[in-house]
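# Topology and contacts: notes
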Amino acid sequence: MDAWHWPPGAWPLVLALGMSAALLVDRWLGEPPVRWHPVVWMGRSLQRLQPWLFGGRAQGAAQARQRLRRGALAWLALALLWTALAWALQAALLQAAWQAQGRMPPLLASLALTLLLGALLKPLLAWRMLSQEVQAVEQALGQSLPAGRAQLARLVSRETAQLDAAQVRESAIETLAENLSDSVVAPLFWFALLGLPGAALYRFANTADAMWGYPGQRGGRDWQWAGKWAARADDALSWLPARLTALLLMLANPAQGGWRRQTWRQLGAQARKTPSPNGGWPMAAAALLLGCRLGKPGAYVLHPQAPAPQPAQVALAQALAGRALGLWLLAAWLLAALCGLWALAAGASVKGAL
């Protein structure tokens, strides 16, 4: 049983309830145990294919083409696997809820469906852990600079041993902004479009990019060719969510310039300074709205004329991200309400015609 068998206007309500339930579970319970975490399973499935990915006897350009081809085939096979599993789970839930409507009130059956959908969606996003880890960096900085660096190393791939306190704080705020998109808004966006399969596909793509898409971390040029497909796929799936996250951040804080035309124009210019086609958008929005400089030593600086972030601005960044997430949920509920009103109006007009 799929969504089209539900009454008109019901599916947006199911999605809004599912997203709300997922975020409530995230707030109350946090991350599931590692052994039961689907993102960990995705990572293990990616890891199992690495020996095949780098196998073969080809050399030079032929080896690069072979590894690019194998990387694409491996990505497509695993993406199909995880998306199909998510689709099967969602279809089973919808079928069970539809059948249960004959034995229990429809409202109760729908509520049970949304709670289960939310529980399945929750492991594919991580807001509470992200916020806590960023807060832990600032708390560690309050103890000592080495403690702050060590805590930050849990969050970022960049070298932290030479960072000063301001740079540690900049990196923490950047991580919060970028992962607000990657770990929260993007899974919710794809869930809103395609249900649980959409969220699973995005989370797999993001995990594959983290494991295969960074050439400098493991295998140099060999890794670059093997992970090129994974990196480009993640870029494509993250393109709109990253810009949507920046928009949500700007709308969440209009008092400090979110609605000013100059700030909107600055956003694109600042975002394009980063090597990532997507990560710079939420990071640039955070820099402009917080009125502080953010950057990666030797790579880029966002909002360079602003001062370095202060301790209080980490808490402000968390609050801003929380408001942006609240705006997303508000938009989802407004859409659900509009669809419900449309369904009621359509039903009334049909009855009137009869």
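Just above sits the structure.
Now for a description of the structure that goes with this document. Treat the numbers as computed from the prediction; the structure is a model and nothing was measured.

The rules behind these values
- Residues numbered from 1 in each chain as written.
- Predicted model: local features only at pLDDT ≥ 70, side-chain atom pairs only at ≥ 80, totals over all residues.
- Heavy atoms only, no water.
- Core = buried A, V, L, I, M, F, W, Y, C linked by side-chain atoms within 4.5 Å.
- Buried < 20%, exposed > 50% of the residue type's maximum accessible area, 1.4 Å probe, protein only.
- Helix = DSSP H or I, 4+ residues; strand = E, 2+ residues; numbered from the N terminus.
- Contact = heavy atoms within 4.5 Å.
- Axes fitted to C-alpha atoms, helices over the stretch in contact; angles between N-to-C directions.
- Parallel < 35°, antiparallel > 145°, perpendicular 65-115°, else oblique.
- Left-handed = near helix turned anticlockwise from the far one by under 90°.
- Nonpolar A, V, L, I, M, F, W, Y, C, P; charged D, E, K, R; others polar.
- Expected span 1.5 Å × (residues − 1).

## Description of the nonpolar core
Leu121, Leu188 and Phe204 are the most contacted members of the largest nonpolar core, which totals 89 residues. Looking at which element gives the most residues to this core, the answer is helix 8 (residues 165-212), with 22 residues. Look past the residues within four positions of leucine 188 in its chain and what remains in contact with it is Met19, Leu23, Leu121, Leu125, Leu325 and Trp328.

## Observations concerning the environment of isoleucine 173
Secondary-structure assignment places isoleucine 173 in helix 8. In the structure, isoleucine 173 is positioned 113 residues away from alanine 286 in sequence and 7.8 Å away in space, judged by C-alpha atoms. For isoleucine 173, the residues in contact, after removing those within four places along its chain, are Ala286, Leu290, Leu294, Pro309, Gln313, Val314 and Ala317.

## Here's the deal with the packing of helix 10 (residues 228-252) against helix 12 (residues 280-290)
Running from amino to carboxyl end, helix 10 crosses helix 12 at an angle of 15°, the nearest separation of the two axes being 7 Å. With respect to helix 12, the axis of helix 10 lies roughly parallel. In this structure, the crossing between helix 10 and helix 12 has a hand that is right-handed. Contacts between helix 10 and helix 12 involve Ala242, Arg243, Thr245, Ala246, Leu249 and Met250 on the former and, on the latter, Trp281, Pro282, Ala285 and Leu289. Looking at the contact of helix 10 with helix 12 residue by residue, the class counts come to eight nonpolar, one polar and one charged.

## Describing helix 6 (residues 128-143)
In this model, helix 6 (16 residues) spans 23 Å end to end at C-alpha, consistent with the 22 Å of a helix rising 1.5 Å per residue. Buried residues of helix 6: Leu130, Ser131, Glu133, Val134, Ala136, Val137, Glu138, Ala140 and Leu141, and no others.

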